[in-house]
Amino acid sequence: MTSFITPFQPALKISDDIHQSIWDCYFTSEQANWTAYLNQVCLQTVLSWLQTEYDSHAHSERDQQALHEFWQQTNGFSLQVFSRRVIVIPSKTLDCDLSVPQVWIENANLVGDCYIAAQVDPDDATVLLWGYAPYQQLKAKAVLDDRNYILDAQELIRDFAVFGAVQRLGGR
């Protein structure tokens, strides 16, 4: 008999305080508002989880003002976890592939060690971390398409059970 182990994919609860305080923020356009909302909700929720589960010193690499300006142009944010740069790319839908804006791969000042795909579901108030990939894998196997690197979902590591250990040990 064949058995399958379900990978550990964290489904993180978005607190009511985070949801409401972020939604009330003002941004320059409806699309920028939506992008900023998804990113900010995801940032606060994922950062809290990483600090609780893996690294109490994990932090965002940018201050709030810089993040708001950055999200006017692109999607995603960077965190320092165990002295490694982790890039999180939020999306409202559970995409078939990881779509990473080109700037996160080609700008030497922004390149990450690891890239996480996150689905933000405001209706269910959850952030699902559904896969991750190291930089080398993303760079080698992703396809550049309209200013985004697209990595097939089959290439993602779906199990977060070893994520913390890999980051702590500096594995790629």
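A. Structural context of the overall build of the chain. Counting its secondary structure elements, the chain contains six helices and nine strands. For the chain, contacts bridging at least 24 residues in sequence account for 65% of all contacts bridging at least 6. Counting only carbon and sulfur atoms, one obtains 50% of the accessible surface of the chain, whose full area is about 9100 Å².

B. Inspection of the packing of aromatic side chains at higher detail. Inspection of every chain in the model, using the stated rule, returns four aromatic pairs. A ring pair is formed by W49 and Y54, whose centres lie 5.2 Å apart and whose planes are at 85 degrees; its orientation type is edge-to-face. The same class applies to W49 and to Y54, which are both buried. With a centroid separation of 5.2 Å and an interplanar angle of 70 degrees, the aromatic rings of F70 and W104 are classed as edge-to-face. In this pair, F70 sits in helix α3 (residues 64–71) while W104 sits in helix α4 (residues 103–106), placing the two residues 34 residues apart along the sequence. Judged by relative accessible area, which is 13%, F70 ranks as buried.

C. Spatial organisation of the pairing of strand β7 (residues 126–134). Burial analysis of β7 places nine of its nine residues in the buried class, which makes it a mostly covered element. Strand direction decides the pairing type here: strand β1 (residues 11–13) and β7, joined by three bridges, are antiparallel. Paired with A11 across the bridge in β7 is L128. When strand β6 (residues 114–121) meets β7, the two strands line up antiparallel, connected through eight bridges. Of the residues in β7, the one forming a bridge with D121 is T126. Hairpin connection, β6 to β7: the antiparallel pair is bridged by four residues, and A125 has positive phi, about 55 degrees.

D. Highlighting the sheet that holds strand β9 (residues 148–152). Pairing in this open sheet of three strands is antiparallel, and the strands run β5-β9-β8 from one edge to the other. Each edge of the open sheet is held by one strand with a lone partner, namely β5 (97–101) and β8 (143–145). The mean angle between the axes of side-by-side strands here comes to 30 degrees, regardless of whether they run parallel or antiparallel.

E. Spotlight on unusual backbone geometry. We note that A125 has phi near 55 degrees; this positive angle belongs to a residue other than glycine. With respect to the secondary-structure elements, A125 resides in the loop between β6 and β7. For R147, which is not glycine, the phi dihedral falls at a positive 65 degrees. Here R147 falls in the exposed class, since its relative accessible area comes to 63%.

F. Representation of the confidence of the model for the chain within the structure. Across the chain, the average pLDDT comes to 85, with 85% of residues at or above 70. Note that residues 1–5 has pLDDT below 50 and, in this model, zero contacts with residues that lie over four places away or in other chains.

G. Expanded view of α3. All of the buried residues in α3 are L67, H68, F70 and W71. Down the axis, α3 shows its buried residues gathered within 165 degrees of arc, on one side only.

H. Summary view of the sheet that holds strand β3 (residues 77–81). The sheet built from six strands is open, its strands ordered β1-β7-β6-β4-β3-β2 with mixed pairing. Of all the strands in the sheet, just β1 and β2 (59–60) have a single pairing partner and so form its edges. Examined bridge by bridge, β2 and β3 share two bridges and lie antiparallel to one another. Counted as the bridge partner of S60 is L79 from β3.

Calculation criteria
- Residues numbered from 1 in each chain as written.
- Predicted model: local features only at pLDDT ≥ 70, side-chain atom pairs only at ≥ 80, totals over all residues.
- Heavy atoms only, no water.
- Helix = DSSP H or I, 4+ residues; strand = E, 2+ residues; numbered from the N terminus.
- Contact = heavy atoms within 4.5 Å.
- Areas by Shrake-Rupley, 256 points an atom, 1.4 Å probe, with all protein chains shown as cover.
- Phe/Tyr/Trp six-rings, centres within 6.5 Å; stacked < 30°, edge-to-face > 60°.
- Buried < 20%, exposed > 50% of the residue type's maximum accessible area, 1.4 Å probe, protein only.
- Pairing = 2+ DSSP bridges.
- Axes fitted to C-alpha atoms, helices over the stretch in contact; angles between N-to-C directions.
- pLDDT = per-residue confidence, 0-100.
- Arc of directions from axis to C-beta.

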